[in-house]
Amino acid sequence: GQSLEQPSEVTAVEGAIVQINCTYQTSGFYGLSWYQQHDGGAPTFLSYNGLDGLEETGRFSSFLSRSDSYGYLLLQELQMKDSASYFCAVRSGSGGSYIPTFGRGTSLIVHP
Amino acid sequence: NAGVTQTPKFQVLKTGQSMTLQCAQDMNHNSMYWYRQDPGMGLRLIYYSASEGTTDKGEVPNGYNVSRLNKREFSLRLESAAPSQTSVYFCASRDREIYTEAFFGQGTRLTVV
């Protein structure tokens, strides 16, 4: 089966850098994705890592180490609007099926 | 481009009542999913449809049924609602050829009293 572990809550101040970690166990790995969800809203896709290394998209970066079954999301120059929940996700399913499977989410609280 | 549309947005049911949550996507995606989200539990898969004409159980299917009406629409039915089904329900879709991103509807907030 699949399991993902991420911290339940992280706090930081505006302008700072924060890292949200995710460790996973999965049979057959096809990459790690990250989603953001604001209170009352829908999850929205942020980034994907299929290979080891760092992917950068503006203030957000995501890292993957397949040998360590570990990844993280790095948020720089934090803004108040970054306060949200962040979910890591892997593929589950076999053959042609693809089921996004999510961790329990990390609540990021950004303080002024 | 509307993306994924869910109706209704809010619903209150009495225990034992039935209802159907509707989901439609206009992105020509093959795969569609129903998740429920409870505090501290993340998103848990109820049912999914890899393609038109197929449906399969996810992690928490008990008490639910689904219908993939056509390529656009994927509905979730609660035959006899229970308080344990109070949750926020999200429909999502994905392009079969793109393995990275799922698109979510705005959710249905369901309360069973």
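As a reminder, the structure under discussion sits directly above these lines.
So, here's what we can say about the structure. Quick caveat: nothing in here was measured; it's all calculated off a predicted structure. (Residues numbered from 1 in each chain as written. Chains lettered and ligands numbered in written order. Predicted model: local features only at pLDDT ≥ 70, side-chain atom pairs only at ≥ 80, totals over all residues. Heavy atoms only, no water.)

Description of the overall build of chain B
For chain B, the helix and strand inventory stands at zero helices and eleven strands. Starting at the N terminus and ending at the C terminus, chain B contains elements arranged as β-β-β-β-β-β-β-β-β-β-β. With the principal axes as the frame, chain B shows a C-alpha extent of 40 × 30 × 25 Å. When each of the 113 residues of chain B is scored for burial, the buried share is 49%. For chain B, the exposed surface amounts to about 5300 Å²; the carbon and sulfur share of it is 48%. Averaging the locations of the 12 positively and 10 negatively charged side chains of chain B gives two centres separated by 6 Å. (Helix = DSSP H or I, 4+ residues; strand = E, 2+ residues; numbered from the N terminus. Buried < 20%, exposed > 50% of the residue type's maximum accessible area, 1.4 Å probe, protein only. Areas by Shrake-Rupley, 256 points an atom, 1.4 Å probe, with all protein chains shown as cover. Lys, Arg positive; Asp, Glu negative; His and termini not counted. Charge placed at Lys NZ, Arg CZ, Asp CG, Glu CD.)

A short note on the interface of chain B and chain A
Facing the 19 residues of chain B at the interface are 18 residues of chain A. Carbon and sulfur atoms make up 61% of the area that chain B and chain A hide from each other, which totals about 1700 Å². For the interface between chain B and chain A, the tally reads four residue pairs in polar contact (both at pLDDT 80 or more). For the side of chain B that touches chain A, the elements supplying multiple residues, two or more each, are β4 (31-38), β5 (42-49) and β9 (87-94) of chain B. Among the elements that make up the side of chain B that touches chain A, the one with the highest residue count is β5 of chain B (four residues). Class assignment for the residues of the side of chain B that touches chain A results in ten nonpolar, six polar and three charged. (Contact = heavy atoms within 4.5 Å. Buried area = accessible area lost by both parts, 1.4 Å probe. Polar contact = N/O pair within 3.5 Å; in protein donor to acceptor, adjacent residues only side chain to side chain. Nonpolar A, V, L, I, M, F, W, Y, C, P; charged D, E, K, R; others polar.)

Quick look at the sheet that holds strand β1 (residues 3-5) of chain A
All names here are of chain A. Spatially, five strands are ordered β1-β3-β8-β7-β6 in an open sheet, and the strand pairing comes out antiparallel. Every interior strand has two partners, whereas the edge strands, β1 and β6 (53-57), have only one. Going across the sheet, the axis of each strand differs from the next one's by a mean of 20°, ignoring polarity. (Pairing = 2+ DSSP bridges. Axes fitted to C-alpha atoms, helices over the stretch in contact; angles between N-to-C directions.)

Details of the sheet that holds strand β8 (residues 74-78) of chain B
Residue and element names in this part refer to chain B. Here we have four strands laid out as an open sheet, ordered β1-β3-β8-β7, and antiparallel in their pairing. Of all strands in the sheet, those with a lone pairing partner are β1 (4-7) and β7 (64-68), marking the two edges. Strand-to-strand twist of the sheet, defined as the mean angle between neighbouring strand axes without regard to direction, takes the value 15°.

Brief notes about the pattern of salt bridges
Counted under the stated rule, the structure contains five salt bridges over all chains. Between arginine 66 of chain A and aspartate 52 of chain A there is a salt bridge; the shortest N-O distance is 3.1 Å. Of the two residues, arginine 66 of chain A is situated in the loop between β7 (60-65) and β8 (70-75) and aspartate 52 of chain A in the loop between β5 (44-49) and β6; the sequence distance between them amounts to 14 residues. Under the relative-accessibility criterion, aspartate 52 of chain A is labelled partly exposed at 42%. Here aspartate 38 of chain B and arginine 44 of chain B are joined by a salt bridge, their closest N and O atoms 2.8 Å apart. Residue arginine 44 of chain B is classed as buried on the basis of its relative accessible area of 18%. Beyond isolated ion pairs, a larger network of salt bridges with shared partners links Arg36, Asp38 and Arg44 of chain B. (Salt bridge = Lys/Arg side-chain N within 4 Å of Asp/Glu carboxyl O.)

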